[in-house]
Amino acid sequence: MKISDRGVLNCGEPGTRHATSTFPTIASLGDGTLLATYRVGTTKDSADETIELRRSDDGGRTWSDPVSPFDATVNGTRGSLKLVYITPISEEHLIASALWVDREAFPGKPLFNDKTEGCLPMAILLSDSHDFGRTWTPWRVLPLPEEIGPPSLTSPLLRLPSGRLAVSIETNKSYENTSQWFQRVVYAYSADCGQTWGSPVTVCQDPTARIFNWDQRAGVCPDGQLMTFTWTYDRETTCYLNVQRRLSRDEGVTWTAPDDLGFSDQPSRPAILPDGRVVIAWVDRFKSRSIRARLSQGIDAPFLPETEVVLYELEANIPETAAGEGNTGDLLAEMSVWNFGLPFAEALPDGDVIVVYYEGTASSLKASWARLSF
């Protein structure tokens with residue numbers, strides 16, 4: 001595997017509300033084009049953050065001017081859009097799923113409360129397009145029980161072999177809740193293209209609350225299996241463990257035992273090729289200070305080191321450190337200061353893979369892309 005091309009999806013503009021570009025995603029549409037989304041804002045966590053879209057007709061090498069079709073006010077409440085994923089449903093039908101943050105409940109407060117480990121009120125929003133993403137319906141709120149807490153959206157909607165859709169949600173605590181955090185990942189299912197949803201079911205949890213399964217990225221394999229990659233955190237030692245892979249043959253009802261992939265930190269959404277090969281990218285913040293990617297030859301095959309490519313490497317001469325300084329709240333709060341991360345991989349129609357991620361400086365972050373060939 002090699003990097004055959006690379007470029008910039010969106011540049012940061014220091015000192016403006018477009019200073020930071022983060023949470024980039026790519027969707028390959030039925031007409032052969034690519035649709036990219038990314039979040040822009042004054043800082044990495046700001047009340048003025050919103051989502052822009054760009055389109056590419058040449059496999060991601062060049063991009064259209066940005067558009068901002070999504071409103072950040074929901075049911076009369078001012079908020080911000082943290083991210084938007086696009087899921088193709090049919091030839092022209094797309095569903096956008098968004099993570100929305102209520103900015104009125106605790107004005108001026110950051111997303112994470114480092115004292116309680118809670119977060120601001122959030123909601124998952126859905127919108128439909130029936131013209132390849134050129135126009136969108138008004139947002140509708142995905143209803144969730146109060147016990148979920150502020151929901152985190154960590155993957156695009158999953159199109160399952162049965163025809164159902166699944167949404168993967170990470171539970172959180174409310175902002176001022178001082179009780180222990182029993183984090184878990186739940187799925188909700190829809191049998192009518194996202195118009196109505198069943199009650200959430202837990203698919204991943206440590207009942208002791210020691211191990212957290214953060215930012216679980218999911219994909220559907222060619223044979224219908226679900227595949228997830230999890231950013232695994234040990235609360236007791238305040239250390240990131242190795243990324244774990246799980247598979248499900250029954251649309252999330254049961255899962256294989258976690259497979260330790262041998263490298264740690266935050267994984268990307270996987271790019272799953274039609275022949276079953278898989279590309280995963282990940283962020284290594286505390287050792288090599290880089291974003292890397294590897295290839296596996298099959299759904300349950302190893303990601304061999306000899307396939308590894310480096311997508312980004314921090315140039316500053318900073319000594320290696322280990323996650324283990326401070327508590328969990330400190331680690332959550334420091335997410336706002338990292339200047340690279342959040343890779344997202346997508347298989348392309350021509351057999352290549354494109355990975356998008358963010359990089360830059362404290363005052364300006366850009367969304368970049370790299371094309372991987374085999």
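Here the structure is a predicted model, which is why all the values come from computation and not from measurement.

*Asks:* Help me understand the nonpolar core, please; the structure alone is not making it clear to me.
*Replies:* Nonpolar side chains tend toward joint burial in soluble globular proteins. In terms of nonpolar packing, the biggest core is built from 36 residues, with Leu9, Ile26, Trp63, Leu153, Leu157, Val167 and Trp197 touching the most fellow members. Among the elements of the structure, β3 (34-41), β6 (77-88), β7 (94-102), β8 (122-129), β12 (165-170), β13 (184-190), β26 (353-361) and β27 (364-373) are those that each provide at least two residues to this core. Per element, the largest residue contribution to this core is 4 residues, and it comes from β3. Here Trp63 is in contact with Val8, Leu9, Ile26, Leu34, Ala36, Arg54, Arg55, Ser56 and Trp369, once residues within four sequence places are set aside. Among the nonpolar cores identified, the runner-up in size contains 30 residues, and Trp214, Val283, Ala345 and Leu372 belong to it.

*Asks:* I would appreciate a short explanation of the pattern of salt bridges in the present structure.
*Replies:* What the rule picks out here adds up to 23 salt bridges. A salt bridge links Arg210 to Glu236, with the shortest nitrogen-to-oxygen separation between them at 3.5 Å. Taken together, the positions of Arg210 in the loop between β14 (201-205) and β15 (211-220) and Glu236 in the loop between β16 (226-234) and β17 (239-240) put the pair 26 residues apart, joining distant regions of the chain. When its relative accessible area of 61% is taken as the criterion, Glu236 is described as exposed. Several salt bridges converge on common partners, so that one network encompasses Arg39, Asp45, Glu49, Lys82 and Arg103.

*Asks:* For this particular structure, what's the right way to read unusual backbone geometry?
*Replies:* In terms of backbone geometry, most residues other than glycine have negative phi values and most peptide bonds are trans. Positive phi is not limited to glycine here, since Cys193 has a value of about 60°. Of the residues examined, Cys193 reaches a relative accessible area of 37% and is grouped as partly exposed. For Arg289, which is not glycine, the phi torsion reads 55° and is therefore positive. Relative to the elements of secondary structure, Arg289 occurs in the loop between β22 (278-284) and β23 (290-296). Taking the relative accessible area as the measure of exposure, Arg289 reaches 9% and is therefore buried.

Conventions adopted
- Residues numbered from 1 in each chain as written.
- Predicted model: local features only at pLDDT ≥ 70, side-chain atom pairs only at ≥ 80, totals over all residues.
- Heavy atoms only, no water.
- Core = buried A, V, L, I, M, F, W, Y, C linked by side-chain atoms within 4.5 Å.
- Buried < 20%, exposed > 50% of the residue type's maximum accessible area, 1.4 Å probe, protein only.
- Helix = DSSP H or I, 4+ residues; strand = E, 2+ residues; numbered from the N terminus.
- Contact = heavy atoms within 4.5 Å.
- Salt bridge = Lys/Arg side-chain N within 4 Å of Asp/Glu carboxyl O.

In short, shape yes, function no, at least from these values alone.
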